[in-house]
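Take a look at the letters that make up each chain.
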Amino acid sequence: MIDEIIMLRHGRTAYNLHHRLQGQVDMPLDIVGQWQVDQTGLELAQQYYWAKVSNIAQNCKQLPQPESSDIRYNRIDEYKQAPAAKRKMRIVSSDLFRAIQTAHAFGDILGLPIALNPGLREQNFGKWEGLTEAEVNQVDPLALKCWRTHHDEERHGIEPRTEVGRRGLDTVIDLVNEEITNPEPMTLMLVGHGSLFGATIEAMLNLDSDDSKISNMDNAFWSKITPHYSTSNNIIWELKSFNCGPSIADLSNWNDGPDELRNPSMPKMSPGL
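One structure accompanies this document, and this report is about it.

Scoring rules and cut-offs
Residues numbered from 1 in each chain as written. Predicted model: local features only at pLDDT ≥ 70, side-chain atom pairs only at ≥ 80, totals over all residues. Heavy atoms only, no water. Pairing = 2+ DSSP bridges. Helix = DSSP H or I, 4+ residues; strand = E, 2+ residues; numbered from the N terminus. Axes fitted to C-alpha atoms, helices over the stretch in contact; angles between N-to-C directions. Contact = heavy atoms within 4.5 Å. Core = buried A, V, L, I, M, F, W, Y, C linked by side-chain atoms within 4.5 Å. Buried < 20%, exposed > 50% of the residue type's maximum accessible area, 1.4 Å probe, protein only. Left-handed = near helix turned anticlockwise from the far one by under 90°. Nonpolar A, V, L, I, M, F, W, Y, C, P; charged D, E, K, R; others polar. Lys, Arg positive; Asp, Glu negative; His and termini not counted. Salt bridge = Lys/Arg side-chain N within 4 Å of Asp/Glu carboxyl O. Polar contact = N/O pair within 3.5 Å; in protein donor to acceptor, adjacent residues only side chain to side chain.

A few words now on the sheet that holds strand β4 (residues 186-192). The strands making up a sheet associate through hydrogen bonds between their backbones, and the pairing can be parallel or antiparallel. Read from one edge to the other, the open sheet built from 6 strands follows the order β3-β2-β4-β1-β5-β6, with strand pairing classed as mixed. Each edge of the sheet is formed by a strand with only one pairing partner; in this case those strands are β3 (114-116) and β6 (235-244). Put simply, the sheet's adjacent strands are angled 25° from each other on average, direction ignored. Where strand β2 (residues 88-93) and β3 come together, 3 bridges link them in parallel fashion. When the sheet's bridge partners are listed, Ile 91 is paired in β3 with Ile 114. Those strands touched by helix α3 (residues 50-58) are β2 and β4, and its axis lies near 100° from that of β2.

Pasting the structure below:
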């Protein structure tokens, strides 16, 4: 049974750098985005190292063994009998490439597989994808206003935020129900996108998008949610933490990365989306 959910946003892309509406355009991470997810992956892997032990306990072929028969073999029982083996972790990512890259930065360290789910895709911004807010405003100021205020978005080909939240929540509920009869406690790591996760959390907490204080998470930051199950098959969602990042994010220029990664022509990321 899933008793912990982590929502991890992907790292920076070139569209993020220039504040372009990214939506479902399949952009990869840029060099700073890869650095971000590597830093986050390392820190989360430290926090969730138990998941590697648990994975080996369930998949003994992942335990390396020496080739020489004279050498004492690693004992799989050490892993199976460890308290960590009593929990499981499952990683499910959006099928957009920037999310997949982010998922692997964490999952590969722990030897965990990555499952893909299109229900975790970013909000679809239609014909405005690839444009900045200023460019949308030049073409259609009303469309920009509708998107910002979450009203009549579908008239302009934008997937309404409420529908994004429902899509995200339905996806989470489906994943939770897949494990509902599993007696082992499980952490579900979801890897996806800022608007998708923001809208999903609003739907979980029954928040109105107009009044919600939930903003989009920073690149490669995460939030934690605890599901509470009732006898009436309802789930009460508790937001335990929101928009958390690795410790290095407080000690560096997180949005732009370290100096050694930026070439002379690369601009710095200005405040914006």
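There's plenty left to go through after this.
A few words on the nonpolar core. Ranked by size, the top nonpolar core spans 24 residues in total, and within it Ile 5, Met 7, Val 172, Leu 190 and Trp 237 carry the most contacts. Elements supplying a minimum of two residues to this core: β1 (2-9), α8 (161-178), β4, α9 (194-204) and β6. Here this core takes 6 residues from α9, the largest share from any one element. Each residue touching Val 172, except ones within four places of it in the same chain, is listed here: Ile 5, Met 7, Leu 190, Thr 200, Met 204 and Trp 237. Membership of the second largest hydrophobic core comes to 21 residues, among which are Ile 6, Ala 51, Phe 106 and Val 191.

The geometry of helix α2 (residues 31-47) relative to helix α5 (residues 97-110) is characterised by a closest axis approach of 8 Å and an angle of 35° between their N-to-C directions. Here α2 and α5 pass one another in a crossing that is right-handed. When α2 is examined against α5, the residues Gln 34, Val 37, Asp 38, Gly 41, Leu 42, Leu 44 and Ala 45 are found in contact with a partner set consisting of Gln 101, Thr 102, Ala 105, Phe 106, Ile 109 and Leu 110. Looking at the contact of α2 with α5, its residues break down into 8 nonpolar, 4 polar and 1 charged.

An α-helix turns once per 3.6 residues; consequently, residues spaced three or four apart project the same way. Summarising burial for α3: 7 of the 9 residues are buried, a large majority. Looking at α3, one finds that the buried residues are Trp 50, Ala 51, Val 53, Ser 54, Asn 55, Ile 56 and Ala 57. Where α3 is buried, its residues meet α2, α4 (76-80), β2, α5 and β4.

The next thing to look at is the side chain of Glu 122. Residue position: Glu 122 is located in the loop between β3 and α6 (133-139). Although Glu 122 is buried, it forms no salt bridge, and the closest oppositely charged side chain is Arg 98 at an N-O distance of 5.4 Å. Within the structure, the side chain of Glu 122 is placed 3.3 Å from the backbone nitrogen of Ser 195, a separation counted as a polar contact. Of note is the side chain of Glu 122, whose polar atom sits 2.9 Å from the backbone nitrogen of Leu 196. Leaving out residues up to four positions away in the same chain, Glu 122 has contacts with Gly 23, Gln 24, Leu 96, Arg 98, Glu 159, Arg 167, His 193, Gly 194, Ser 195 and Leu 196.

Take the pairing of β4 next. Of all 7 residues in β4, 7 are buried; the element is thus mostly enclosed. Side chains Met 186, Leu 188, Leu 190 and Gly 192 of β4 all project onto a buried face; the interleaved residues Thr 187, Met 189 and Val 191 project onto the opposite face, where all are buried too. Pairing geometry for β1 and β4, over 7 bridges, is parallel. Bridging from a neighbouring strand, Ile 6 pairs with Met 189 of β4. Examined bridge by bridge, β2 and β4 share 6 bridges and lie parallel to one another. Across the sheet, Arg 90 pairs through a bridge with Leu 188, a residue of β4.

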